[in-house]
Amino acid sequence: DEEDRLMIHSLIEKMDGGFDTMNSFVRDTICSALEASHLHYESTFKTLVQNLTSRDPSSRSTPSPRSAPLPTLLTSVPQPETKVDTN
């Protein structure tokens, strides 16, 4: 509410550097989080592309828990329905 906003503004204004310092801190923190997110995304993306384009399942960077073959995404032959365990 307005009382909280005024209290926060008052505290920020009393800090060394005031709003300029606080804005720099917020921008730097957001930038660091975005960079970390980007690195994680790029790593995950590369692994997914490698797994999808690999012809040899043993060369995949993240082995499957049961060493199962890669799933068939498209086929001209009807596939049996698989039941999904919802427990």
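Just so we're clear, the structure is a prediction, and the values are computed from it rather than from any experiment.

Considering the overall build of the protein chain
Here is step 1: Looking only at helices and strands, the protein chain features 2 helices and 0 strands.
Here is step 2: Counting every position in the protein chain, which comprises 87 residues, the buried fraction comes to 7%.
Here is step 3: Of the accessible surface of the protein chain, which amounts to about 8,200 Å², a share of 59% is contributed by carbon and sulfur atoms.

Some thoughts on the pattern of salt bridges
Pairing of side chains with opposite charge becomes possible as their charged atoms draw close.
Here is step 1: Overall, the coordinates contain 1 salt bridge when judged by the stated rule.
Here is step 2: Residues arginine 5 and glutamate 2 are paired through a salt bridge, measuring 2.6 Å at the closest nitrogen-oxygen approach. Of the two residues, arginine 5 and glutamate 2 both sit in helix H1 (residues 2-14), 3 residues apart, roughly one turn of that helix.
Here is step 3: Judged by its relative accessible area of 43%, glutamate 2 falls in the partly exposed class.

Rules and cut-offs
Residues numbered from 1 in each chain as written. Predicted model: local features only at pLDDT ≥ 70, side-chain atom pairs only at ≥ 80, totals over all residues. Heavy atoms only, no water. Helix = DSSP H or I, 4+ residues; strand = E, 2+ residues; numbered from the N terminus. Buried < 20%, exposed > 50% of the residue type's maximum accessible area, 1.4 Å probe, protein only. Areas by Shrake-Rupley, 256 points an atom, 1.4 Å probe, with all protein chains shown as cover. Salt bridge = Lys/Arg side-chain N within 4 Å of Asp/Glu carboxyl O.

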